[in-house]
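# Observations on the model geometry
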Amino acid sequence: MSTAIVTGQPVPGSSLENDLRSLGFDVRAAADASEAESLLAAVPADRRVALVDARFVGHLHALRLGLTDPRFPLAAVPGAVTAQPAARQALTRALARETSAAGGTAHGGAPARAKPSVGDVDSVADRVITALDADDSAVHRPELGSLVAAVPEDPQARNEVRQAVAAVDDEAVRLKSAVKSRDGFFTTFFISPYSRYIARWCARRGLTPNQVTTASLLTALIAAGCAATGTRAGFVAAGVLLIASFVLDCTDGQLARYALKYSTLGAWLDATFDRAKEYAYYAGLALGAARGGDDVWALALGAMILQTCRHVVDFSFNEANHDATANTSPTAALSDKLDSVGWTVWLRRMIVLPIGERWAMIAVLTALTTPRITFYVLLVGCAFAATYTTAGRVLRSVTRKARRTDRAAQALADLADNGPLAALVVRLTRLRPTAPLLVALAGVAVLTVNLFVGWPVLGAAVYAVTSGWALSRPLKGALDWLIPPLFRAAEYGTVLVLASDAGMNGALPAAFGLVAAVAYHHYDTVYRIRGNAGAPPAWLVRAIGGQEGRTVLVTVLAAVLTASQFKVALTVLAVVVALVVLIESIRFWVSAGAPAVHDEGEPA
């Protein structure tokens with residue numbers, strides 16, 4: 001249980017102690033900073049602890065936001081500050097300094113309080129917050145909006161603050177804040193108006209976001225199973241269940257925000273299950289089409305490749321620019337100007353086909369048409385969205401004069417996923433090209449041409465060499481963020497082309513499995529980097545060959561094996577890669593060192 005130390009003289013009629021207990025705190029009283037220091041020292045080191053001024057007046061949800069969010073080691077609202085075990089030392093040091101400055105001791109005796117300046121309130125909690133800021137401690141201050149949190153200095157001020165509290169519906173604010181501030185049109189107007197109430201229902205019954213996330217995954221897998229039946233009734237049921245899965249997908253995040261139940265395991269589930277659901281549904285559609293005599297596995301694999309490459313474009317661009325200096329451009333200014341016009345905001349969010357719009361489109365097309373038509377429309381829509389977003393980001397990159405950091409360059413190198421072959425090229429050659437993107441483009445061009453003229457091994461060998469050269473210098477060029485998605489398209493596209501050329505029944509489903517396993521590894525890399533946890537361990541990248549190593553291996557297997565043997569080899573490779581990356585990923589995301597990454601935007 002967490003511990004709250006309430007400092008100062010109790011205020012008659014105050015509900016503060018009951019509010020703190022309702023938030024899970026064991027409440028203890030301290031008359032002054034000296035006594036608070038003694039009580040703090042007695043609290044077990046593995047507990048969250050909070051200092052709260054006894055005169056605090058405010059909404060319960062303001063206290064909840066300030067004192068219970070698990071994502072932040074230190075957090076505060078006016079009149080209250082909290083520390084998790086990781087930041088306990090900083091809080092102890094700040095309180096000790098405050099006690100010393102007030103002339104008190106930690107072993108009894110009333111301290112001689114420092115007199116507050118005119119208009120200030122003599123609050124131990126607020127003075128400790130000031131001391132933490134002076135120590136450069138990262139104190140999170142949640143956005144309260146219309147919520148109230150204050151320490152009134154006299155009875156008249158207290159009455160005024162209480163009136164302000166009564167004027168704002170705490171629960172309405174809590175429900176509204178459970179919804180993402182930036183969502184797609186479909187999610188905002190067709191899902192969130194009621195999913196927030198489902199989230200509250202779940203919270204009141206003790207359900208966790210992880211349980212809702214799992215329910216969303218299971219619903220999507222059942223939808224994929226319905227699609228795999230190949231019947232019209234199955235397709236209709238699949239469409240309905242896919243929308244239901246998306247409702248639950250929105251609900252889990254809203255539940256996490258409503259109840260402030262964030263966890264590292266939840267971060268991992270949230271980061272991976274969306275892609276698992278969508279790609280499993282693609283496989284279900286392909287199986288259903290096959291039952292009707294239509295082979296659309298190449299379309300399903302193409303849709304997965306296109307969607308993954310779109311995401312990598314997003315991730316690479318953001319990593320390259322989020323901490324860059326002088327990071328402005330005329331294109332960005334125009335985009336901001338367009339965002340100031342209401343209708344253009346929704347139009348621009350819709351045309352990039354984010355997850356809500358995309359899943360709604362897939363669900364409707366599944367129920368009313370055929371899998372082939374569904375994939376055709378999906379591919380055209382995603383291709384247009386990818387062209388639109390990539391072109392805009394290219395324009396921003398070439399018109400801004402940003403200076404990228406070493407951290408950004410390292411993130412791009414990690415996203416590139418080069419393996420031992422590329423590293424060997426760098427060690428054995430002295431070539432360090434000054435235009436990495438052009439080198440990467442040349443390698444992909446050679447690979448692509450040789451895939452279609454019948455010399456894939458030669459093309460892959462050249463590609464492996466150019467992959468090493470492309471990363472021989474830090475990726476700090478204006479367009480170097482394009483290299484990771486370019487590598488993704490090259491590797492995944494190679495598997496698609498060679499599996500299609502095999503002409504063997506079952507080769508494309510095996511290729512689908514292999515690309516899904518490798519894509520999971522790449523998504524896992526993204527979310528580790530976004531959580532400032534670094535890339536996956538080097539041994540993992542070596543064990544699965546790196547992107548250029550896998551590309552060479554698949555081309556060699558296609559050249560030396562028969563079509564049936566190649567199908568088996570792809571299946572085995574998919575299973576091995578999946579097992580290795582899943583075991584390491586699960587180990588990391590359930591460990592204490594995993595970051596609580598939660599996506600507050602709607603990915604494409």
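Keep in mind that this is a model prediction, so the values were computed, not measured.

### Description of the overall build of the chain
The number of helices and strands found in the chain is 25 helices and seven strands. Taking 604 residues into account, the globule formula puts the C-alpha radius of gyration at 25 Å, and the chain, at 28 Å, falls close to it. For the C-alpha atoms alone, the extent of the chain along its principal axes is close to 90 × 60 × 45 Å. A buried classification covers 53% of the 604 residues belonging to the chain. When contacts within the chain are restricted to residue pairs at least 6 apart in sequence, those whose partners lie at least 24 apart make up 80%. Here the chain has roughly 25500 Å² of accessible surface; of this, 64% comes from carbon and sulfur atoms.

### Quick look at the packing of aromatic side chains
In total, this model carries 15 aromatic pairs according to the counting rule given. An angle of 80 degrees between the planes, with centres 5.9 Å apart, marks the rings of Tyr282 and Phe375 as edge-to-face. With Tyr282 in helix H11 (residues 264–291) and Phe375 in helix H16 (residues 371–399), this pair connects stretches of sequence that are 93 residues apart. Note on accessibility: Tyr282 and Phe375 belong to one class, buried. Ring geometry for Phe315 versus Tyr523: centroids 6.4 Å apart, planes at 85 degrees, classification edge-to-face. Linking Phe315 in helix H12 (residues 297–321) with Tyr523 in helix H22 (residues 507–530), this pair joins segments that are 208 residues apart in sequence. An aromatic cluster is built from Phe185, Phe186, Phe189, Phe190, Phe246, Trp346 and Trp359, whose rings are joined through pairwise contacts. Over the ring of Tyr262 we find Arg71, and its NZ or CZ is 3.8 Å from the ring centre.

### What to know about the sheet that holds strand E2 (residues 25–30)
On the basis of which strands lie adjacent, the open sheet formed by five strands has the order E2-E1-E3-E6-E5 and mixed pairing. Each edge of the sheet is formed by a strand with only one pairing partner; in this case those strands are E2 and strand E5 (74–77). Neighbour to neighbour, the strand axes of the sheet diverge by 15 degrees on average, direction disregarded. Helix H4 (residues 88–101) contacts strand E3 (49–53), E5 and strand E6 (80–83) of the sheet and is inclined by roughly 35 degrees relative to E3.

### Remarks on the nonpolar core
Membership of the largest hydrophobic core comes to 102 residues, with the highest contact counts inside it found for Tyr282, Leu301, Phe375 and Leu514. A per-element tally of this core places H22 first, with 14 residues. Filtering out sequence-adjacent residues up to four positions away, Phe375 remains in contact with Tyr282, Leu285, Ala286, Val296, Leu299, Ala300 and Ala303. Of all hydrophobic cores here, the second largest spans 25 residues; its members include Ala62, Val168, Ala256 and Tyr262.

### Considering the pairing of E5
Burial along E5 is two-sided: Leu74 and Ala76 facing one way and Ala75 and Val77 facing the other are all buried. Taking the residues that link successive antiparallel strands as the turn, the E5-E6 hairpin has two residues, and the phi of Gly79 there is positive, at about 90 degrees.

### What to know about helix H15 (residues 355–368)
Across its 14 residues, H15 extends 20 Å between first and last C-alpha, which sits within 8% of the 20 Å expected from 1.5 Å per residue. Across the 14 residues that make up H15, a large majority, 11, are buried.

### Details of the side chain of Arg158
Assignment of secondary structure puts Arg158 in helix H6 (residues 155–166). An unpaired buried charge is present at Arg158: no salt bridge exists, and Asp53, the closest side chain of opposite charge, is 6.4 Å distant. For Arg158, the residues in contact, after removing those within four places along its chain, are Val11, Arg55, Val57 and Pro152.

### Regarding the environment of Ala416
Relative to the helices and strands, Ala416 resides in helix H17 (residues 406–416). Residues Ala416 and Gln547, spaced 131 residues apart in sequence, show a C-alpha to C-alpha distance of 7.8 Å. Ignoring sequence-local partners within four residues, the contact set of Ala416 consists of Leu471, Pro484, Phe487, Arg488 and Gln547.

### Considering the side chain of Thr374
You can see Thr374 is positioned in helix H16. Once you skip the residues sitting within four places of it in the chain, Thr374 turns out to touch Leu285, Ile362, Leu365, Thr366 and Thr369.

### Re helix H24 (residues 546–560)
Its 15 residues place the ends of H24 21 Å apart at the C-alpha level, agreeing with the 21 Å of an ideal helix rising 1.5 Å per residue. Among the residues making up H24, those that are buried are Gly546, Gln547, Glu548, Gly549, Arg550, Thr551, Val552, Val554, Thr555 and Leu557.

### Let's talk about the state of the cysteines
Applying the stated criterion to the full structure yields zero disulfides. In this structure Cys382 is a free cysteine whose sulfur lies 11 Å from that of Cys309, the closest cysteine sulfur available. Judged by relative accessible area, which is 3%, Cys382 ranks as buried.

### Some details on the pattern of salt bridges
In total, this model carries 22 salt bridges according to the counting rule given. The closest approach of N and O atoms between Arg21 and Glu17, which form a salt bridge, is 3.5 Å. Note that Arg21 and Glu17 are positioned in helix H1 (residues 16–22) at a spacing of four residues, about one turn of the helix. Taking relative accessible area as the criterion, Arg21 reaches 43% and is therefore assigned partly exposed. Relative accessible area serves as the criterion here: at 33%, Glu17 is assigned to the partly exposed category. Salt-bridge contacts for Asp133 lead to Arg141; the nearest nitrogen and oxygen are separated by 2.6 Å. Take Asp133: its relative accessible area is 33%, and that puts it in the partly exposed class. Under the relative-accessibility criterion, Arg141 is labelled partly exposed at 43%. Look at the salt bridges and you will find they share partners, linking Asp524, Arg528, Glu584 and Arg587 into a network.

### Some points on the packing of helix H2 (residues 33–42) against H4
Between H2 and H4, the least distance of the axes is 9 Å, while the angle of their chain directions is 155 degrees. By the criterion of interaxial angle, the relationship of H2 to H4 is roughly antiparallel. In this structure, the crossing between H2 and H4 has a hand that is left-handed. Listed contacts from H4 to Ala33, Ser34, Ala36, Glu37 and Leu40 of H2 are Arg88, Leu91, Thr92, Leu95, Ala96, Glu98 and Thr99. Class assignment of the residues belonging to the contact of H2 with H4 gives a composition of six nonpolar, three polar and three charged.

### Some details on unusual backbone geometry
At Leu353, a position not held by glycine, the phi torsion is positive, near 55 degrees. Looking at the element boundaries, Leu353 is found in the loop between helix H14 (342–351) and H15. Within the chain, Asn532 stands out as a residue other than glycine whose phi angle is a positive 55 degrees. With respect to the helices and strands, the residue Asn532 is situated in the loop between H22 and helix H23 (538–543). Owing to a relative accessible area of 62%, Asn532 belongs among the exposed residues under this scheme.

About the thresholds
Residues numbered from 1 in each chain as written. Predicted model: local features only at pLDDT ≥ 70, side-chain atom pairs only at ≥ 80, totals over all residues. Heavy atoms only, no water. Helix = DSSP H or I, 4+ residues; strand = E, 2+ residues; numbered from the N terminus. Rg over C-alpha atoms; globule rule 2.2 N^0.38 Å. Buried < 20%, exposed > 50% of the residue type's maximum accessible area, 1.4 Å probe, protein only. Contact = heavy atoms within 4.5 Å. Areas by Shrake-Rupley, 256 points an atom, 1.4 Å probe, with all protein chains shown as cover. Phe/Tyr/Trp six-rings, centres within 6.5 Å; stacked < 30°, edge-to-face > 60°. Lys NZ or Arg CZ within 6 Å of the ring centre and 35° of its normal. Pairing = 2+ DSSP bridges. Axes fitted to C-alpha atoms, helices over the stretch in contact; angles between N-to-C directions. Core = buried A, V, L, I, M, F, W, Y, C linked by side-chain atoms within 4.5 Å. Expected span 1.5 Å × (residues − 1). Lys, Arg positive; Asp, Glu negative; His and termini not counted. Salt bridge = Lys/Arg side-chain N within 4 Å of Asp/Glu carboxyl O. Disulfide = S-S within 2.5 Å. Parallel < 35°, antiparallel > 145°, perpendicular 65-115°, else oblique. Left-handed = near helix turned anticlockwise from the far one by under 90°. Nonpolar A, V, L, I, M, F, W, Y, C, P; charged D, E, K, R; others polar.

Geometric values such as these leave the question of function open.
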